[in-house]
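Examining the three-dimensional arrangement
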Amino acid sequence: MIDTLVILPTYNEAENIDKLIPKLLEQNIDMLFIDDASEDGTANLIKKWMNKSTRINLIERPAKLGLGTAYVTGFKWALKKDYQYIFEMDADLSHDPADIPKFIEKCKEDYALVIGSRYTHGTISVVGWDFRRLLLSKFANKYATTILGLSFLTDVTSGYRCYSRKVIEALNLDNIKSNGYAFQIEMVYRVYKMDFKITEIPIIFYERNSGSSKMNKRIVREAALMVWKLKFGK
Ligand SMILES: Nc1nc2c(ncn2[C@@H]2O[C@H](COP(=O)(O)OP(=O)(O)OP(=O)(O)O)[C@@H](O)[C@H]2O)c(=O)[nH]1
Ligand SMILES: [Mg+2]
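Named according to an unreviewed UniProt entry, the protein is Glycosyl transferase, group 2 family protein originating from Thermodesulfovibrio yellowstonii. UniProt, in its Sequence similarities (unreviewed entry) section for the protein, records the words "Belongs to the glycosyltransferase 2 family."

Considering helix α8 (residues 217-231)
The end-to-end C-alpha separation of α8 is 22 Å, in line with the 21 Å expected for 15 residues at 1.5 Å each. Of all the residues in α8, the buried ones are I219, E222, A223, M226, V227 and L230. Residues of α8 that are buried make contact with α5 (131-148) and α7 (181-193). The backbone nitrogen of R218 has a side-chain oxygen 3.1 Å away, supplied by the residue at the start of α8, namely N216. Just downstream of α8 lies G233, where phi reads positive at about 65 degrees.

Quick notes on the sheet that holds strand β2 (residues 30-36)
On the basis of which strands lie adjacent, the open sheet formed by 7 strands has the order β3-β2-β1-β4-β7-β5-β8 and mixed pairing. Since the sheet does not close on itself, it has two edges, and those belong to β3 (56-61) and β8 (198-202), each with one partner. The average undirected angle you get between the axes of adjacent strands in this sheet is 20 degrees. Contacting β4 (85-88), β5 (113-117), β7 (161-164) and β8, α7 runs over the sheet at an angle of about 35 degrees to β7.

Remarks on the site of ligand 1
As a matter of local geometry, ligand 1 sits amid 19 residues, with E13, D36, D92, S213 and K214 nearest to it. Contacts to ligand 1 include R133, whose side-chain N or O atom sits 3.1 Å from an oxygen atom. In the environment of ligand 1, an oxygen atom lies 3.3 Å from a nitrogen or oxygen atom belonging to the side chain of Y181. Surface burial for ligand 1 is 95%, taken as the share of its 630 Å² of free accessible area covered by protein chains. Here ligand 1 is seated within the largest pocket. Mapped onto the shell around ligand 1, the elements with two or more residues apiece are β1 (4-10) and β2. Of the residues assigned to the shell around ligand 1, the class counts are 7 nonpolar, 3 polar and 9 charged.

Here's the deal with the UniProt feature "domain: Glycosyltransferase 2-like" (unreviewed entry) in the protein
On the UniProt side, "domain: Glycosyltransferase 2-like" (unreviewed entry) is annotated at positions that read residues 6-167 here. Between the C-alpha atoms that bound residues 6-167 there is a distance of 16 Å. The span itself is 41% helix and 20% strand.

Re the packing of α5 against α7
Here α5 crosses α7 at 30 degrees, and the two axes come no closer than 12 Å. Considered as vectors, α5 and α7 are oriented roughly parallel to each other. Seen from above, α5 lies across α7 with right-handed handedness. When α5 is examined against α7, the residues R133, A144 and L148 are found in contact with a partner set consisting of Y181, I185, Y189 and Y192. Residues belonging to the contact of α5 with α7 are distributed by class as follows: 6 nonpolar, no polar and 1 charged.

Rules used throughout
- Residues numbered from 1 in each chain as written.
- Chains lettered and ligands numbered in written order.
- Predicted model: local features only at pLDDT ≥ 70, side-chain atom pairs only at ≥ 80, totals over all residues.
- Heavy atoms only, no water.
- UniProt positions renumbered as here; feature names shortened; annotations may be inferred.
- Helix = DSSP H or I, 4+ residues; strand = E, 2+ residues; numbered from the N terminus.
- Expected span 1.5 Å × (residues − 1).
- Buried < 20%, exposed > 50% of the residue type's maximum accessible area, 1.4 Å probe, protein only.
- Contact = heavy atoms within 4.5 Å.
- Polar contact = N/O pair within 3.5 Å; in protein donor to acceptor, adjacent residues only side chain to side chain.
- Pairing = 2+ DSSP bridges.
- Axes fitted to C-alpha atoms, helices over the stretch in contact; angles between N-to-C directions.
- Near = heavy atom within 4 Å.
- Areas by Shrake-Rupley, 256 points an atom, 1.4 Å probe, with all protein chains shown as cover.
- 1 Å grid on protein atoms, 1.4 Å probe; cavity = no way out; pocket = protein on both sides within 12 Å on 5 of 7 lines; lining within 4 Å.
- Sits in = over half its atoms within 2 Å of the grid points.
- Nonpolar A, V, L, I, M, F, W, Y, C, P; charged D, E, K, R; others polar.
- Parallel < 35°, antiparallel > 145°, perpendicular 65-115°, else oblique.
- Left-handed = near helix turned anticlockwise from the far one by under 90°.

Below, the structure written as structure tokens:
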């Protein structure tokens, strides 16, 4: 599918790259990695794969600049080309590339944003989380959706999603304020405010087996505050 780009921010994901890229290549999509000066050689591994396939692209940034700005960089790159379906995906194998066609199918039904949800129909499809992590995720979703009027959605912090080109074009990318989890919430809210159609499809989320999490208290705090800033338009 020459019209599909998967954007993957990476920070120290060397242990996952060699498993992830073959799965993505099977899907016949293009990929764009945004690597933030990983110290573990992530970028070099990606470059090795680039010698084998022209579908792989890499932008290297000089320091760890955060998930939000990584995606904004990726979206701008995508808009310079002809991509119609633009994905966000984690590079730690938490998101199964085999789900990609299901997102595209929904986008073709005229949804501008399709979110891969771990919590559709009252179920929980997460493999490998302890109770505390699950509670945090469920609470974060309830908190954000209630305050922002997004209660028709179950997983606004999910990082596996597909945007149609028209919605990325319509967003003012330079105005996006947040970086961690808050970025995912802000993106959904902005799309919703522009009256685009949003839907969810069920996914199974697999907690990372390799590499380490970049989630921290600061990211959670940013999200908690950002929800109010978004609500009051600050
Ligand atoms: N380029 C870039 N990538 C990042 C940054 N922070 C996180 N990432 C990547 O973003 C994706 C999601 O980050 P994770 O650490 O898996 O965060 P998470 O999924 O919320 O946490 P876990 O459940 O513990 O995996 C991964 O592919 C990371 O390598 C960053 O500052 N810059
Ligand atoms: Mg992860």
